[in-house]
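Inside the fold
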Amino acid sequence: AKLSSAGSCLVYSSMLAERTRQRMQISQGLHRAIAKGELSLRLQPIVNPTNGHIVAAELLLRWHPATGEVPPAVFIPIAEATGTIIGIGDWVFAQACEIEARWRQRWGDAAPAYLAVNLSPRQLNKSSIDGDFAAMIERSGARPERLQLEVTETALMADVEANLSVLRRLAALGMPIAVDDFGTGYSSLAQLTRMPVSVLKVDRAFVASLDQQPENRAVVHAIVSLGRALGLTLVAEGVETPAQLDEMLTQGCSLAQGYLFYRPMELDAFDRAIEQQLCE
Ligand code: C2E
Ligand code: CA
Ligand code: CA
Ligand code: CA
């Protein structure tokens, strides 16, 4: 017994060492990712499910070092832990401004209603974020009211007072704020009403569970009713099947995003989809 427990301990510690080594490699690689041009972006359409029209898009980050693409679910948490997410987040926001400015130039008022950008809680902690973002908006000519900032419910509620102040400053620049992955954390109604929030994105986990766990319908119903009572726009995330869409529409979501409609796409493919829609 003694031997085998020592053995499994060894296996365990070498696995840990391997994990640590991988994390170190990722964090070092991320450091130079921008300079090396290894970051790119995708756009996932957000649609009006009643007519299938693209009304907006979410900007999603990709990292492809020479060793092969690493998914955001792996590298974002590491970038957050090491702080690299701040530089990366600035790069993403600058790109978002350029994309929106191009939309404005090309399509004017007929452009997608907004471009949603993910914000990490680490970025919110940076006191100069509003000034930095204001400068990037100014330089690019993007319309701030068409740049939506997504903050996860968990990040939002982790430090209500601090976030309230920074989000009010960001919202004062004209940018709408969305609560991402809504339903997974806990917001008290009182806290939510204090936040300058205009959109709730119902977490994919709830949408996905509707088929398998019908009891979740009650939870989704509560979430959507809450949002509607507060006058917020509701977006169903990760919609993969017509049945899920039906249910989310019945519950009162007005916008949807998911593989049922579109996967995240290259920027030029997104442009073509908009051009085609404008020709219809
Ligand atoms: P998220 O913000 O919740 O983004 C939605 C994720 O769900 C995306 O994964 C998207 O590709 C995926 N998705 C969309 N529709 C479906 C569907 O129908 N089924 C399934 N199974 N998945 C769907 P992605 O691009 O891998 O991003 C993962 C997470 O990484 C994002 O979750 C977000 O938290 C983070 N992330 C991505 N880009 C950025 C960024 O620029 N900055 C920050 N801070 N985080 C980012
Ligand atoms: Ca998001
Ligand atoms: Ca989400
Ligand atoms: Ca998520």
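Now for a description of the structure that goes with this document.

Cut-offs and rules
- Residues numbered from 1 in each chain as written.
- Chains lettered and ligands numbered in written order.
- Predicted model: local features only at pLDDT ≥ 70, side-chain atom pairs only at ≥ 80, totals over all residues.
- Heavy atoms only, no water.
- Axes fitted to C-alpha atoms, helices over the stretch in contact; angles between N-to-C directions.
- Helix = DSSP H or I, 4+ residues; strand = E, 2+ residues; numbered from the N terminus.
- Parallel < 35°, antiparallel > 145°, perpendicular 65-115°, else oblique.
- Contact = heavy atoms within 4.5 Å.
- Nonpolar A, V, L, I, M, F, W, Y, C, P; charged D, E, K, R; others polar.
- Donors = N, O, S within 2.8 Å, 3.2 Å for Na, K, Ca; no water.
- Buried < 20%, exposed > 50% of the residue type's maximum accessible area, 1.4 Å probe, protein only.
- Near = heavy atom within 4 Å.
- Polar contact = N/O pair within 3.5 Å; in protein donor to acceptor, adjacent residues only side chain to side chain.
- Areas by Shrake-Rupley, 256 points an atom, 1.4 Å probe, with all protein chains shown as cover.

1. Structural notes on the packing of helix 9 (residues 204-212) against helix 11 (residues 242-251)
- Taken N-terminus to C-terminus, the directions of helix 9 and helix 11 make an angle of 110 degrees; their axes are 9 Å apart at the nearest point. With respect to each other, helix 9 and helix 11 are oriented roughly perpendicular. Across the interface between the two elements, Val207, Ala208, Leu210 and Asp211 from helix 9 touch Ala243, Gln244, Glu247 and Met248 from helix 11.
- Tallied by class, residues from the contact of helix 9 with helix 11 come to 5 nonpolar, 1 polar and 2 charged.

2. Overview of the coordination of the calcium ion (ligand 4)
- Coordination sphere of the calcium ion (ligand 4), protein contribution only: Asp181 (OD) and Asp181 (OD), at 2.7 to 3.1 Å.
- A separation of 3.9 Å is found between the calcium ion (ligand 4) and the calcium ion (ligand 3), which are bridged by Asp181.
- Of note, Asp181 is situated in strand 5 (residues 177-182).

3. Comments concerning the coordination of the calcium ion (ligand 3)
- At the metal site, the calcium ion (ligand 3) is ligated by Asp180 (OD), Asp181 (OD), Glu237 (OE) and Glu237 (OE), and these contacts range over 2.2 to 2.5 Å.
- In primary sequence terms, the donor set of the calcium ion (ligand 3) follows D-D-x55-E.
- The distance between the calcium ion (ligand 3) and the calcium ion (ligand 2) comes to 3.9 Å, and Asp180 binds to both of them. Of this pair, Asp181 sits in strand 5 while Glu237 sits in the loop between strand 7 (233-236) and helix 11, and the two are 56 residues apart along the sequence.
- Of the residues examined, Asp181 reaches a relative accessible area of 25% and is grouped as partly exposed.
- Residue Glu237 is classed as buried on the basis of its relative accessible area, which comes to 10%.

4. Points about the site of ligand 1
- Around ligand 1 sit 20 residues in total, of which Arg62, Asp180, Arg204, Glu240 and Tyr259 are the nearest.
- One of the side-chain nitrogen or oxygen atoms of Gln44 is found 3.1 Å away from a nitrogen atom of ligand 1.
- One nitrogen or oxygen atom from the side chain of Arg204 is found 3.0 Å from a nitrogen atom belonging to ligand 1.
- Computed on the free molecule, ligand 1 has an accessible area of 800 Å², of which 83% lies beneath the protein chains in the complex.
- Those elements giving two or more residues to the shell around ligand 1 turn out to be strand 2 (53-63), helix 2 (72-82) and strand 5.
- In terms of residues, the shell around ligand 1 owes the most to one element, strand 2, which gives 4 residues.

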